[in-house]
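This is what each chain is made of:
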Amino acid sequence: MILKTMYVYIYDNFLRKKNFLPTVRAMEVALTDYGIAGKILRLQNYTDSRAIIEDEIKRGAKTVVIVGNDATFGQVLSRSATCDCTFGFLPIGPNNTIAEVLGIPTGIEASAVLSRRRKEFLDVGWMNNRYFVSQLRVMPAKLEVIYDERFKVTTADKMEVVVCNLQPFFWQRDKKDKEQRVVHPQDGKLEAFIRPLTKKGWWGYKYEEPSIFPFEEMIITGREAFAVEADGKLSKEVKVKIKLAHSKVEMIVGRNRQF
């Protein structure tokens, strides 16, 4: 028999909205039917997820389930990736690209995936002494990129760098481009998508086609401070070092996972 105390569910605060309540309630009924209902915690903007997860592990929790979307997933795991537990994910609502990679359907059907407990170890990215699990993006700036200590990438003007771990990279040639292209990250390495920007007269900048660079370690430096977004957290940096972390996350995944 599975003890309820073994499961802890971390709900994103947006799930309190009325339009999500029917799905949340139906999911809770399904979890009870599967015998894996557990303690529910609410995620606030300034919640230290690592502290609360470690506290629950001390109380006997074995599985911590993130309930929400891509932002929820990144917010929790960027702080808690090294916690000694198994993680699950119940995606609800829009903005759930990571769930597709993990092979987890959105909504109540995700409960069945969780109950089967098919587990895989997932890579974790590391950037300037903090972790990221889904994606890191360096906003357009004048940058120099050196990867694997052998190759250097520079441009005459600005460039954007997106490093994918679990979250796919979506891109368009420009604002008028109606076709959205998707590149899925591969397991076992990080991939950088580098897009130069070319000055186009008075009309601003135009994005060029991205180049894809699988790598083990990358160093990005700027002529001045540039903006970095990692798992939804923004910061200003003048230099970032990016690589795979030594640790991995044990995650419950679906049969249709993309790795």
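A brief report on the enclosed structure follows. (Residues numbered from 1 in each chain as written. Predicted model: local features only at pLDDT ≥ 70, side-chain atom pairs only at ≥ 80, totals over all residues. Heavy atoms only, no water.)

### Notes on the nonpolar core
Residues Tyr9, Phe73, Phe87, Leu90, Leu102 and Met251 are the most contacted members of the largest nonpolar core, which totals 45 residues. Apart from the residues lying within four places of it in its own chain, the contact partners of methionine 251 are Phe73, Leu77, Phe87, Gly88, Phe89, Leu102, Arg118, Lys119, Glu120 and Leu122. Of all hydrophobic cores here, the second largest spans 24 residues; its members include Leu143, Val153, Val161 and Ala230. (Core = buried A, V, L, I, M, F, W, Y, C linked by side-chain atoms within 4.5 Å. Buried < 20%, exposed > 50% of the residue type's maximum accessible area, 1.4 Å probe, protein only. Contact = heavy atoms within 4.5 Å.)

### A few points about the environment of lysine 236
Turning to its location among the elements, lysine 236 is positioned in strand 17 (residues 233-252). Taking the C-alpha atoms as reference points, lysine 236 and phenylalanine 226, separated by ten residues in sequence, lie 5.5 Å from one another. Excluding its chain neighbours within four sequence positions, the residues that come into contact with lysine 236 are Ala225, Phe226 and Ala227. (Helix = DSSP H or I, 4+ residues; strand = E, 2+ residues; numbered from the N terminus.)

### Comments concerning unusual backbone geometry
For asparagine 95, which is not glycine, the phi torsion reads 60 degrees and is therefore positive. For glutamate 149, which is not glycine, the phi dihedral falls at a positive 60 degrees. Within the element layout of this structure, glutamate 149 appears in the loop between strand 8 (143-147) and strand 9 (151-154).

### Some points on the packing of aromatic side chains
Following the criterion strictly, the structure yields five aromatic pairs and no others. Ring geometry for tyrosine 7 and tyrosine 9: centres 6.2 Å apart, planes at 15 degrees, overall stacked. Residue tyrosine 7 is classed as buried on the basis of its relative accessible area, which comes to 2%. These aromatic residues form a ring-pair network of at least three members: Tyr147, Phe151 and Phe213. A cation sits over an aromatic face here: arginine 195 above tyrosine 207, 4.0 Å from the ring centre. When the ring centre of tryptophan 126 is taken as reference, the NZ or CZ atom of lysine 243 above it lies at 5.1 Å. (Phe/Tyr/Trp six-rings, centres within 6.5 Å; stacked < 30°, edge-to-face > 60°. Lys NZ or Arg CZ within 6 Å of the ring centre and 35° of its normal.)

### Points about the pairing of strand 2 (residues 39-43)
In this sheet, strand 2 lies alongside strand 1 (residues 7-12) in parallel orientation, the contact comprising five bridges. Paired with aspartate 12 across the two strands is leucine 43, which belongs to strand 2. (Pairing = 2+ DSSP bridges.)

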